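# Inside the fold
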Amino acid sequence: MDETFWTAVSAIAALAAVGLTVWATRQAATAASASATAAQEMTRIERDRWHRDLTPELRFTLDGSSGSPRALRIELVGPVGLDRLDRIILSVRDEAGIDHAALAADPDHRPQELARMIWGPYRFRPDVNGVMEPGQEIVLDGLERGEQLIRLMEYTPAPSWFEGDPLGWHTRNATQPVRLRAECHRDGHRPWTVVTELPSQASGE
């Protein structure tokens, strides 16, 4: 065989080697990318698990006597590993199972008033501890584990369209639970959301 033949064979072999190198490089890059993606996913899963495990355990207690005002006690009781919250935004949620937005279609109901309504038995008492009207939300600046904070709650006021004695509004709400939502913040963590319901009536009433 002449020199031209062997030159061609050598060229083909060199091209094959280059092709194999490129293929191997791409395979390695793909594997590295997949490995990095898997590592990121595992990190995310572990981070989410840790965040879930640190979900604040809050204890809410509404003093035992029905009436207005009443004291709401807030405590951070766990979990192990979470000894403080930097900030809690605590809000009263509307009663469940009723489409309150449907009332907005009634021209006799003022949209501004509807937007400020709290559909439930109690609200936070305005003008105490910095609570603003309509008393749906309070901000707690820091809560240590084992510490107890107290905030006042009072009957929700009857809306302007409610007919009859305002006490009838309280009677309407008497069996409704107090529904709370706590948005909990701690530096270095994503916020947690904790929801709970408390009976508005003391046991035996």
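Along the polypeptide, Ile98 turns up in the loop between β4 (87–93) and α2 (111–116). For Ile98, a relative accessible area of 45% puts it in the partly exposed group.

Taken as a whole and assessed by the stated rule, the structure comprises 13 salt bridges. In this structure, Asp63 and Arg70 form a salt bridge, with 3.0 Å as the shortest nitrogen-oxygen distance. Note on Asp63: relative accessible area 24%, which makes it partly exposed. Linking Glu183 and Arg181 is a salt bridge whose minimum nitrogen-to-oxygen distance equals 3.8 Å.

Another aspect to go through is the nonpolar core. Formed by 28 residues in total, the largest nonpolar core has its most connected members in Leu58, Phe60, Leu72, Leu90, Phe124 and Leu180. Within the residue set of this core, elements represented by two or more residues are β1 (57–62), β2 (70–78), β4, β5 (122–124), β6 (137–140), β8 (148–155), β9 (178–185) and β10 (192–198). Ignoring sequence-local partners within four residues, the contact set of Leu180 consists of Phe60, Leu72, Leu90, Ser91, Val92, Arg93, Phe124, Val194, Val195, Thr196 and Leu198.

Read from one edge to the other, the open sheet built from four strands follows the order β1-β2-β8-β5, with strand pairing classed as antiparallel. Edge positions in the sheet fall to β1 and β5, since each of these pairs with one other strand and no more. Recorded for the sheet is a direction-independent mean angle of 35° between the axes of neighbouring strands. In this structure, β2 lies alongside β8, joined through six bridges in antiparallel fashion. Paired with Ala71 across the strands is Leu152, a residue of β8.

Scoring rules and cut-offs
- Residues numbered from 1 in each chain as written.
- Predicted model: local features only at pLDDT ≥ 70, side-chain atom pairs only at ≥ 80, totals over all residues.
- Heavy atoms only, no water.
- Helix = DSSP H or I, 4+ residues; strand = E, 2+ residues; numbered from the N terminus.
- Buried < 20%, exposed > 50% of the residue type's maximum accessible area, 1.4 Å probe, protein only.
- Salt bridge = Lys/Arg side-chain N within 4 Å of Asp/Glu carboxyl O.
- Core = buried A, V, L, I, M, F, W, Y, C linked by side-chain atoms within 4.5 Å.
- Contact = heavy atoms within 4.5 Å.
- Pairing = 2+ DSSP bridges.
- Axes fitted to C-alpha atoms, helices over the stretch in contact; angles between N-to-C directions.

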